[in-house]
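Coordinates in review
Residues per chain are reported as follows:
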Amino acid sequence: MTVWVEADLCNGCRRCLKACPYGAIEFSGEKASVLERCTSCGACIEVCRQSAMKSDIRPRSVPDFSDRKGIWVFAEQRNGQLAHGALELLGKARQLAAELGEDVCALLLGHGVSQLAETLIRYGARTVYLAEHEALADYRTLPYTDVLEDLIERHRPGILLMSATHIGRDLAPRLSRRVGAGLTADCTDLEVDPDEKILLQTRPAFGGNVMATIVNRYSRPQMATVRPGVMEAHQRPGNEGRVVTTPVSIHEKSIAAKLLGAVREKKDAVKLCEAKVIVAGGRGVGDAGGFRVLEELAEIVNGAVAGTRVAVEEGWISADRQVGQTGQSVRPELYIACGISGAIQHRAGMLNSRYVVAINKDPRAPIFQVADWGIRGDLREVVPELVRQLKSEVRQA
Ligand SMILES: Cc1cc2nc3c(=O)[nH]c(=O)nc-3n(C[C@H](O)[C@H](O)[C@H](O)COP(=O)(O)OP(=O)(O)OC[C@H]3O[C@@H](n4cnc5c(N)ncnc54)[C@H](O)[C@@H]3O)c2cc1C
């Protein structure tokens, strides 16, 4: 595909020069010419009032996807425990399904996991496709990809959602490549375009400075991964749903790799994405010792300790405690932000908190803009005082 200039029509206005994002237009005298670095993006064609910019780019036609129906959710499970993110996705899928007039299906893969289907139905699945096989007992990329590819080919869904967990981040790209579909990773919001009836997939871009909405017009299913903690899980009234046991076909070479063992990382008792109360600390906490006081506060309110990227980079807390764009998204009832400025990348992970309390000595700190209650002061005085008062409340109760 090429773009060229009809020299006779060019009046030298230089609109194309300004519009070209690739610096691929050059002027000699009053006439434009197109350089080799042109990517045929068409920006110059749109702005040229003389119709001097010509191209052989043909508008891409949208294939007929009328046979693509249904919103699918990959029901991630480990050791027979459903990931909470899968239930959150079912909540969102129901909302999308209502707008599209389609059904929600869950894909449950594993070995001896059929009892989980009931929960999936309770949280929104009308159909649960159940694939059970020894090779699916523990997650492995290739057997899981084989089974999902086969299901997609047979049932032809319109949308497929996965959690952006370690498993989802591994599986989704592999599967999207196999079925020739686009994939938007790490979405923070999903909506349906009311006119085109396609999925609007929103995620942070350019270091979190803008939110980009991505659409997938030319392939199906429309695939997206969504960060756990961003959507809400809701049980639905009524329990109608069916379980369809699906035949499992796994390529021989996909089971050649054997899992020799799994070493589970020791996690804190309270999971961040499920915590009702989170006490989070930032640079203002000062050092690892400062986090001891935050831990004390968290213990009294039965909460979990988290922090900013700075706190992780300083080694004051472990990486799995980071909240934000490159950390976790959380949805607690109460988020207590101590010595956190409230940078956009941090806020991206905690904006779904029901109530936010901010403790900061700088009254202009952006965290106060999203806080329900702000305490202006030195956290080294405020937090111990909170601990003292809460302890005395607990003693009196
Ligand atoms: C691509 C990208 C991704 C990122 N992802 C994340 C992410 O996932 N999570 C994240 O958190 N950040 C992320 N960041 C970093 C982010 O931009 C900020 O740099 C970071 O969140 C700031 O952390 P902070 O609030 O701890 O530190 P600062 O911004 O330095 O703020 C410290 C605050 O503590 C206050 N303070 C200092 N001393 C005291 C005291 N004694 N008492 C009370 N208040 C005090 C100060 O007034 C200040 O407001 C990312 C950045 C980029 C570019």
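Residues numbered from 1 in each chain as written. Predicted model: local features only at pLDDT ≥ 70, side-chain atom pairs only at ≥ 80, totals over all residues. Heavy atoms only, no water.

Some thoughts on the domain arrangement of the protein
According to the domain assignment, the protein contains domain 1 (3-55), domain 2 (71-254) and domain 3 (272-396). Each of domain 1 and domain 3 has a C-alpha centre, and these two points are 53 Å apart. (Domains from an automatic or database assignment.)

Description of unusual backbone geometry
Here the residue pair R220 and P221 is connected by a cis peptide bond, since its omega of 0° sits within 30 degrees of zero. In this fold, P221 is placed in the loop between β14 (210-214) and β15 (222-226). In this model, N79 sits at a positive phi of 50°, which is unusual for a non-glycine residue. Among the secondary structure elements, N79 is positioned in the loop between β6 (77-78) and β7 (81-82). In this structure, K197 is a non-glycine residue whose phi angle is positive, near 60°. As for its placement among the helices and strands, K197 is situated in the loop between β12 (189-192) and β13 (199-205). Overall, the relative accessible area of 43% leaves K197 in the partly exposed class. (Helix = DSSP H or I, 4+ residues; strand = E, 2+ residues; numbered from the N terminus. Buried < 20%, exposed > 50% of the residue type's maximum accessible area, 1.4 Å probe, protein only.)

Overview of the site of the ligand
Lining the immediate surroundings of the ligand are 27 residues, of which R283, T308, T326, S341 and N360 lie closest. In this structure, K361 approaches the ligand through a main-chain N or O atom, which is 3.2 Å from a nitrogen atom. Computed on the free molecule, the ligand has an accessible area of 990 Å², of which 79% lies beneath the protein chains in the complex. Of all the secondary structure elements, the ones that give two or more residues to the shell around the ligand are α8 (309-313), α9 (344-350) and α10 (379-396). By residue class, the composition of the shell around the ligand is 6 nonpolar, 15 polar and 6 charged. (Near = heavy atom within 4 Å. Polar contact = N/O pair within 3.5 Å; in protein donor to acceptor, adjacent residues only side chain to side chain. Areas by Shrake-Rupley, 256 points an atom, 1.4 Å probe, with all protein chains shown as cover. Nonpolar A, V, L, I, M, F, W, Y, C, P; charged D, E, K, R; others polar.)

A few points about the nonpolar core
Counting residues in hydrophobic clusters, the biggest one holds 33 residues, and the most contacted among them are I71, L90, L108, L120, V128, L161 and L190. Elements that contribute at least two residues to this core include exactly β5 (71-74), α3 (84-100), β8 (104-110), α4 (117-122), β9 (127-132), β10 (159-163), β12 and β15. Counting residues per element, this core draws most heavily on α3, which supplies 7 residues. Every residue in contact with L161, bar those within four places of it in the chain, is listed here: I71, W72, V73, F74, L89, A93, L96, L190, L199 and A224. (Core = buried A, V, L, I, M, F, W, Y, C linked by side-chain atoms within 4.5 Å. Contact = heavy atoms within 4.5 Å.)

Some thoughts on the packing of aromatic side chains
The geometry of an aromatic ring pair comes down to the distance between the two centres and the angle between the two planes. Applying the stated criterion across every chain, the model contains 5 aromatic pairs. Consider the rings of Y139 and Y144, whose centres lie 5.0 Å apart with planes at 70°: the pair is edge-to-face. For Y144, a relative accessible area of 2% puts it in the buried group. Between Y355 and W373, the ring centres sit 5.6 Å apart and the planes meet at 45°, which makes this aromatic pair tilted. Taken together, the positions of Y355 in strand β20 (residues 355-360) and W373 in strand β21 (residues 373-376) put the pair 18 residues apart, joining distant regions of the chain. In this structure Y355 comes out as partly exposed when scored by relative accessible area, which is 36%. In textbook terms, an aromatic cluster arises when at least three aromatic residues are bridged by ring pairs, as seen for F74, Y139 and Y144. When the ring centre of F27 is taken as origin, the NZ or CZ atom of R14, which lies over that ring, is 4.3 Å away. (Phe/Tyr/Trp six-rings, centres within 6.5 Å; stacked < 30°, edge-to-face > 60°. Lys NZ or Arg CZ within 6 Å of the ring centre and 35° of its normal.)

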